[in-house]
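Each chain, written out:
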Amino acid sequence: MKKGLTYGIYIYEQVAELDFVAPMQVFAASNQFAGGGRVVTLSCTGQTLSGLSGLRITPDYSLQNAPPLDVLLLPGTAEVSEYAWSDPAILDWVRQQYEKVEYLAAVCTGGLILQKAGLLKGRRATTHWQLMDALEGDPEITALPDARYVRDGKIVTSQGVSAGMDMALWLVGQIHDPDHARLVRKILQYDPAPPYTAEV
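Scoring rules and cut-offs
Residues numbered from 1 in each chain as written. Predicted model: local features only at pLDDT ≥ 70, side-chain atom pairs only at ≥ 80, totals over all residues. Heavy atoms only, no water. Helix = DSSP H or I, 4+ residues; strand = E, 2+ residues; numbered from the N terminus. Contact = heavy atoms within 4.5 Å. Buried < 20%, exposed > 50% of the residue type's maximum accessible area, 1.4 Å probe, protein only. Pairing = 2+ DSSP bridges. Right-handed = clockwise from strand over helix to strand, strands pointing away. Polar contact = N/O pair within 3.5 Å; in protein donor to acceptor, adjacent residues only side chain to side chain.

Residue position: V150 is located in strand β10 (residues 149–152). In sequence terms V150 and A125 are 25 residues apart; their C-alpha atoms lie 5.8 Å from each other. Those residues in contact with V150 that lie beyond four places of it in its chain are R124, A125, T126, L144, I155, V156 and T157.

Moving on, we get to the pairing of strand β7 (residues 103–107). The side chains of a regular strand alternate, first on one face of the sheet and then on the other. Of all five residues making up β7, five are buried, and the element is well covered by its neighbours. Residues Y103, A105 and V107 point to one face of β7 and L104 and A106 to the other, with burial holding for every one of them. Where strand β6 (residues 71–74) meets β7, four bridges bridge the pair, whose relative direction is parallel. Across the sheet, the residue bridging to V71 is Y103, located in β7. Note that the unit made of β6, helix α2 (residues 88–100) and β7 has a crossover that is right-handed. Strand direction decides the pairing type here: β7 and strand β11 (residues 155–158), joined by four bridges, are parallel. Looking at β11, one finds that V107 is bridged to S158.

The next subject is the environment of Y12. Counting through the fold element by element, Y12 comes out in the loop between β1 (5–10) and α1 (17–34). The sequence separation of Y12 and M132 amounts to 120 residues, and the corresponding C-alpha distance is 21 Å. Sequence-distant contacts of Y12, defined by excluding residues within four places in its chain, comprise L49, S50, P75, G76, T77, Y83, A84, T109 and I113. Among the polar contacts listed, one links the side chain of Y12 to the backbone oxygen of G76, at a separation of 3.2 Å.

Structure follows, in structure tokens:
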């Protein structure tokens, strides 16, 4: 089992809190059972910001001093928001992370950050149903509106909120194994329609 993984979560002004808090809980529980690792948050400047529902969030790092990451998660917001890519350095940084991380994941409109960075060209992807037009209108992307989450290479995109938690459970199952993901799911008592519920 892999130990010492660092999961990074990019956050920004008006980010949807549950888009990153739910996967964050999955990643933290996974690291606990794996015997080490950490989950860190980071933003463009590292300054305190406000989430979509008003939660005040102080990131652990800025893009400039972020540690090496094994997995990077890009959460979404309520609508297409330039807050997510307000500085050109953000998209450059995301492109650089693609070359370094084991997985690059997105929830909801976080997938549009990947689109803006040019990382969804020639790939299959999904996002929240209210924003699917942004992907379906791009001839270089195969949009899958009915899929809760989609893996294409090292990139994984998901629909909104609870689909992000499903995706995170699937992801730790890929990194470790399905039984590991089932244990995380059981501890979190998450059981609407998650992956890895069947017995081995």
